[in-house]
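Spelled out, the chains give:
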There are 2 protein chains.
Amino acid sequence: MADINANYLNLRSSYLFSEIAARVAAHAAKNPDQKIIRLGIGDVTQPLVPSVIKALQDAVNEQSTAAGFKGYGPEQGYDFLREAIVKDSYPGLGIGADEIFVSDGAKCDVGNFQELFATGCKVAITDPVYPVYADANVMAGRGGAPDGSGRFAGMIYLPCTAENGFVPELPKEKPDLIYLCYPNNPTGTVLTRDQLKVWVDYARKNDAIIFYDSAYECFIREPGIPHSIYEVDGAREVAVEFRSYSKTAGFTGLRCGYAVVPKTVTGKAPDGSRVALNTLWNRRQTTKYNGCPYIVQRAAEAVHSAQGKKEVTAVVEGYLANSKLIKNAFEKMGLTVVGGTNAPYVWVKVPMNSWDFFTLLLEKAGVVGTPGAGFGPSGQEYFRLTGFGSPENTREAIERLRSLKL
Amino acid sequence: MADINANYLNLRSSYLFSEIAARVAAHAAKNPDQKIIRLGIGDVTQPLVPSVIKALQDAVNEQSTAAGFKGYGPEQGYDFLREAIVKDSYPGLGIGADEIFVSDGAKCDVGNFQELFATGCKVAITDPVYPVYADANVMAGRGGAPDGSGRFAGMIYLPCTAENGFVPELPKEKPDLIYLCYPNNPTGTVLTRDQLKVWVDYARKNDAIIFYDSAYECFIREPGIPHSIYEVDGAREVAVEFRSYSKTAGFTGLRCGYAVVPKTVTGKAPDGSRVALNTLWNRRQTTKYNGCPYIVQRAAEAVHSAQGKKEVTAVVEGYLANSKLIKNAFEKMGLTVVGGTNAPYVWVKVPMNSWDFFTLLLEKAGVVGTPGAGFGPSGQEYFRLTGFGSPENTREAIERLRSLKL
């Protein structure tokens, strides 16, 4: 009898962004003449930068000759990229190239990493939250039954709302695995080094592991905001970090990211001994993954070159300028807004249910955003917009928003 | 307390091919002047064909312009590729484009697909077997403790040896999930349509699911050998199929494959209702995967064009010619050999323990193969070599083998 994994039945029927895509497609089919502006799913819009294109072209040419052809690469990523990452992104933080695991993106890594832990581990996530953290754990049996609000009975929630300045408080119940994402998706807020240290100290004290998603670190502009959790003392004992080239360098369609798994981070085996997560993740990746394409890894390497960095930074500046425009526009409408300063996301408190606001914006303005409720019940009265549009589309979306007279 | 997934402790300490890579690296370091010929891991050696290179270059150019840029694609793959697959690889077999899920390779798909099933499902695998099927299930808790022979107590083994003509017999104990790979890795043997029908009928009768890995179907040259399990009546109710461009078109370093999940294949929910695996896999992929790179999907599409097919078929013919050379050489040495006719793999019975044979070949001849024991205890006296070398290297390897006077 092929019994299914019944945990899947606890999930919402579709992944948030698939649901949005379906609703937008239905609207577009009914309104073929309306120009829809998508500031929802968080996809970038600017083309790949010249250094990346050049690296891709060169790598494709290599693949066309017997001498240059590359077949299976190391599942962990090529040394040239792992070393470039350490040198460029983790200087002085004590991270080694063999602690970097290149992948086809942070979504896969944050979704898969929980496999290394026992089903009985207790998971803490913020509310609102990037849905993958919750859904991957629900699939693995750590969620339990859903309640009416969209939460799962088996998980610990850390509310992040205007009331606590969007800074999660330490939970009463003790979690084993803690997901943190800063700069935050969806709120666009950040943690200072001291605020992050509270969590590192907590994890050390309680033998918990922090899954730190820093996919948006390249948007940080203010000083004192850590780009990596390893800037906090002690994090190398309790934290793994996930990064992505998606937003940094426009790789959403090219697919590359990486997990940082220090050899000093361990979990507990049934006999009480400690097992390095680096060893377990290496076993997982070599067994169930076959490496990121060579040509994509060469493209990622180019992002770390001096010229590449200059080019991708200019693109990021453009997205940040869009985010500020959106933030300012909402503020002028008298709405409460966070994010948009060190992050591409703008998180605005809306005067109605967030799915109603989604429908209103889509139908009346042809603008697609993401309803806060999709990220958890604490997002019910919030809405997320992104700075990832083109400057022209962003300005037009703002004009359309203004005309709604919210 | 961050308890690890203790099932990992049941695994061998390293993945087979990682282990081989490590042993070869150690040998190479000690013998820097010896030219090592690698006929082990099953990696291809010929460059990507011109149609694929052209498609990659065009797609890279698209990504360099705002108008042509593609960000996040559908997690299931672009329609252009899904439709090309249906038209070219499944004509008349009743498979729809929405039953094709494009991925970054069959290794990931066969590793991940078991997630859709309950931990209590009983798994049957052949022995010898591609290690991913076993290891992925061990990680998920379906393996149980390893015994001394390299088998796991919780799994059902289907021995394939010279005694049964390398055709697995129906098991006494009833499995829920059955992994079959034809043309077979590692033995290079095939099943006729009638032999495969036995398994489809068995799965239908026993409410089991067949995971059919047809990654090597492009090597089939003899008539009457099914390229797809859907050539067998009833398979659309009980089988999912995994395919890859790795061997078909040299994509081992480019990464693309796909799973075929007919909507008619279902598993059982706890309440006795049936759930379509297509729905579950869609949920899994949209949640934990972010799609295969656009440029790679364009490359895969080119493989299905008339010119692309002509080019990749010529490469495959070359590999098959190598396989036949190896097979003939072993036969002339008086050894028993199978495979090499409808598959790139040659499976030879060796006169000693297979790891000893591995060491002998590496040290005395500088030729890397794969010890049969690495695929399971029934492979203990066998050795796998592949036709994926260059013709020159293959000839040289054969000369060196001859000189060993086995």
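Computed from a prediction, not measured in an experiment: that's the story for all the values here. (Residues numbered from 1 in each chain as written. Chains lettered and ligands numbered in written order. Predicted model: local features only at pLDDT ≥ 70, side-chain atom pairs only at ≥ 80, totals over all residues. Heavy atoms only, no water.)

**Q** Just checking my understanding: could you explain the sheet that holds strand E14 (residues 370–371) of chain A for this structure?
**A** To summarise the sheet geometry, strands pair through backbone hydrogen bonds and adopt either a parallel or an antiparallel arrangement. Residues and elements named next belong to chain A. Pairing is antiparallel across the open sheet formed by four strands, whose spatial order is E11-E12-E15-E14. Each of the sheet's edge strands pairs with one partner strand only, and the pair in question is strand E11 (337–339) and E14. Where strand E12 (residues 345–349) and strand E15 (residues 382–386) come together, five bridges link them in antiparallel fashion. From the neighbouring strand, Trp347 faces E15, where its bridge partner is Arg384. Where helix H10 (residues 306–332) meets the sheet, its contacts fall on E11, E12 and E15, and the angle it forms with E12 comes to roughly 10 degrees. (Pairing = 2+ DSSP bridges. Helix = DSSP H or I, 4+ residues; strand = E, 2+ residues; numbered from the N terminus. Contact = heavy atoms within 4.5 Å. Axes fitted to C-alpha atoms, helices over the stretch in contact; angles between N-to-C directions.)

**Q** Can you help me understand the sheet that holds strand E4 (residues 156–159) of chain A in this one?
**A** Residues and elements named next belong to chain A. Strand order in the open sheet formed by seven strands is E2-E8-E7-E6-E5-E3-E4, with mixed pairing between adjacent strands. The open sheet has two free edges, formed respectively by strand E2 (100–103) and E4, since each of these has just one partner strand. Neighbouring strand axes in the sheet, compared pairwise and without regard to direction, differ in orientation by 20 degrees on average. Packed onto the sheet, helix H3 (residues 79–89) meets E2, strand E7 (239–244) and strand E8 (257–260) and runs at close to 115 degrees relative to E2.

**Q** Teacher, can you tell me more about the packing of aromatic side chains here?
**A** Geometrically, a pair of aromatic rings is defined through the distance of the ring centres and the angle of the planes. Residues and elements named next belong to chain A. Under the counting rule described, the total for this entry stands at 54 aromatic pairs over all chains. Summarising the aromatic geometry, the rings of Phe117 and Phe211 are spaced 5.9 Å apart at their centres and angled 50 degrees between planes, so their arrangement reads as tilted. Residue Phe117 is located in the loop between helix H4 (106–112) and strand E3 (123–127), and its partner Phe211 is located in strand E6 (residues 209–213); the two are separated by 94 residues in the primary sequence. A residue is classified by how much of its surface remains accessible, and Phe117, at 2% relative accessible area, is buried. A ring pair is formed by Tyr345 and Phe388, whose centres lie 6.2 Å apart and whose planes are at 85 degrees; its orientation type is edge-to-face. One end of the pair, Tyr345, is in strand E12; the other, Phe388, is in the loop between E15 and helix H12 (391–403), and 43 residues separate them in sequence. Taken as a pair, Tyr345 and Phe388 share a single burial class, namely buried. Among the aromatic residues, ring-to-ring pairing joins Phe113, Phe117, Tyr130, Tyr133, Tyr179, Phe211, Phe242 and Trp281 into one connected group. (Phe/Tyr/Trp six-rings, centres within 6.5 Å; stacked < 30°, edge-to-face > 60°. Buried < 20%, exposed > 50% of the residue type's maximum accessible area, 1.4 Å probe, protein only.)

**Q** Explain the packing of H10(A) against H12(A) to me, please; I cannot follow it from the model alone.
**A** When two helices pack together, their arrangement is captured by the angle between the axes and the distance separating the axes. Residue and element names in this part refer to chain A. One way to put it is that H10 packs onto H12 with a least axis distance of 10 Å and a crossing angle of 10 degrees. Here H12 runs roughly parallel to H10, going by the angle between their axes. For the pair H10 and H12, the contacting residues are Asn322, Leu325, Ile326, Ala329 and Phe330 in the first and Pro391, Thr394, Arg395, Ile398, Leu401 and Arg402 in the second. Across the contact of H10 with H12, the residue classes tally to seven nonpolar, two polar and two charged. (Parallel < 35°, antiparallel > 145°, perpendicular 65-115°, else oblique. Nonpolar A, V, L, I, M, F, W, Y, C, P; charged D, E, K, R; others polar.)

**Q** Would you mind going over the nonpolar core with me for this structure?
**A** Nonpolar side chains in soluble globular proteins tend to be buried together. By size, the foremost hydrophobic cluster in this structure holds 277 residues, and its most contacted members are Phe251(A) and Phe251(B). In contact with Phe251(A), not counting residues within four places along its chain, are Leu48(A), Val52(A), Tyr245(A), Ser246(A), Cys256(A), Val296(A), Ala299(A), Ala300(A) and Val303(A). (Core = buried A, V, L, I, M, F, W, Y, C linked by side-chain atoms within 4.5 Å.)

**Q** Help me out: how do you make sense of the relation of the copies chain A and chain B in this one?
**A** Copies of the same chain, two in number, are related to each other by a rotation about an axis and a translation along it. By a simple turn and slide, chain A fits onto chain B: the slide is 0.0 Å along the axis, the RMSD is 0.0 Å, and the turn is 180 degrees. The superposition operator between the copies reduces to a two-fold rotation axis. The C-alpha atom lying nearest the rotation axis in chain A is that of Gln57(A); the distance is 3.3 Å. Interface overlap between copies is the fraction of interface residues in one copy that are interface residues in the other; for chain A against chain B it reaches 99%, indicating a shared surface. (Least-squares fit on C-alpha atoms with pLDDT ≥ 70 in both.)

**Q** Where do I start with the pairing of E2(A) in this structure?
**A** Each regular strand shows side chains that alternate between the opposite faces of the sheet. All names here are of chain A. By the alternation rule, side chains of E2 split into Ile100 and Val102 and Phe101 and Ser103, which are all buried. In terms of strand pairing, E2 meets E8 through four bridges, oriented antiparallel. Its bridge partner being in E8, Val102 is matched across the sheet by Tyr258.

**Q** I tried to follow helix H12 (residues 391–403) of chain B on my own but got confused; where do I start?
**A** All names here are of chain B. With 13 residues, H12 extends 19 Å between its outermost C-alpha atoms, agreeing within 8% with the 18 Å of an ideal straight helix rising 1.5 Å per residue. Inspection of H12 places Thr394, Ala397, Ile398, Arg400 and Leu401 among the buried residues, and these make up the whole buried set. Taken end-on, H12 shows its buried residues confined to a sector of 165 degrees, consistent with a single buried face. Opposite the buried face of H12, at more than 90 degrees from it, the exposed residues are Glu392, Arg395 and Ser403. Residues of H12 that are buried sit in contact with strand E1 (37–38), helix H10 (306–332), helix H11 (354–365), strand E13 (367–368) and strand E15 (382–386). (Expected span 1.5 Å × (residues − 1). Arc of directions from axis to C-beta.)

**Q** Hey, could you run me through the side chain of Asn322(B) in this one?
**A** You can see Asn322(B) is positioned in helix H10. When sequence neighbours within four positions are dropped, the list of residues in contact with Asn322(B) reads Gly387(B), Gly389(B), Ser390(B), Pro391(B) and Thr394(B).

**Q** Is there a simple way to think about the interface of chain A and chain B in this case?
**A** When the parts of a complex come together, some accessible area is lost, and that lost area is often taken as the interface size. At the junction of the two partners, chain A supplies 82 residues and chain B supplies 81 residues. Each partner contributes to the roughly 6700 Å² buried at the junction of chain A and chain B, and carbon and sulfur atoms together form 60% of this total. Contact with chain B buries surface across chain A, with Met1(A), Tyr72(A) and Arg283(A) losing the most and accounting together for 12% of the total. Where chain A meets chain B, there are six salt bridges. Here Arg283(A) and Asp135(B) are joined by a salt bridge, their closest N and O atoms 3.4 Å apart. Counting across the interface, chain A meets chain B through 36 residue pairs in polar contact (both at pLDDT 80 or more). (Buried area = accessible area lost by both parts, 1.4 Å probe. Salt bridge = Lys/Arg side-chain N within 4 Å of Asp/Glu carboxyl O. Polar contact = N/O pair within 3.5 Å; in protein donor to acceptor, adjacent residues only side chain to side chain.)

**Q** What is the right way to read the side chain of Lys247(B) from this model?
**A** Within the secondary structure layout, Lys247(B) lies in helix H7 (residues 246–249). Although buried, Lys247(B) forms no salt bridge, and the nearest oppositely charged side chain, Asp43(B), lies 6.7 Å from it. Reaching out from Lys247(B), the side chain makes a polar contact with the side chain of Tyr216(B) at a distance of 3.3 Å. Only 3.5 Å separates the side chain of Lys247(B) from the side chain of Tyr345(B), close enough to count as a polar contact. Look past the residues within four positions of Lys247(B) in its chain and what remains in contact with it is Tyr72(A), Gly42(B), Val44(B), Ala215(B), Tyr216(B), Cys218(B), Phe219(B), Thr252(B), Val316(B), Tyr345(B) and Phe388(B). (Lys, Arg positive; Asp, Glu negative; His and termini not counted.)

**Q** What am I meant to see in the environment of Tyr245(A) here?
**A** Residues and elements named next belong to chain A. When you line up the elements, Tyr245 lands in the loop between E7 and helix H7 (246–249). Separated by 55 residues in the primary sequence, Tyr245 and Ala300 place their C-alpha atoms 7.2 Å from one another. Beyond its immediate stretch of four places on either side in the chain, Tyr245 contacts Leu81, Ile85, Gly250, Phe251, Cys256, Gly257, Tyr258, Ala300, Val303 and His304.

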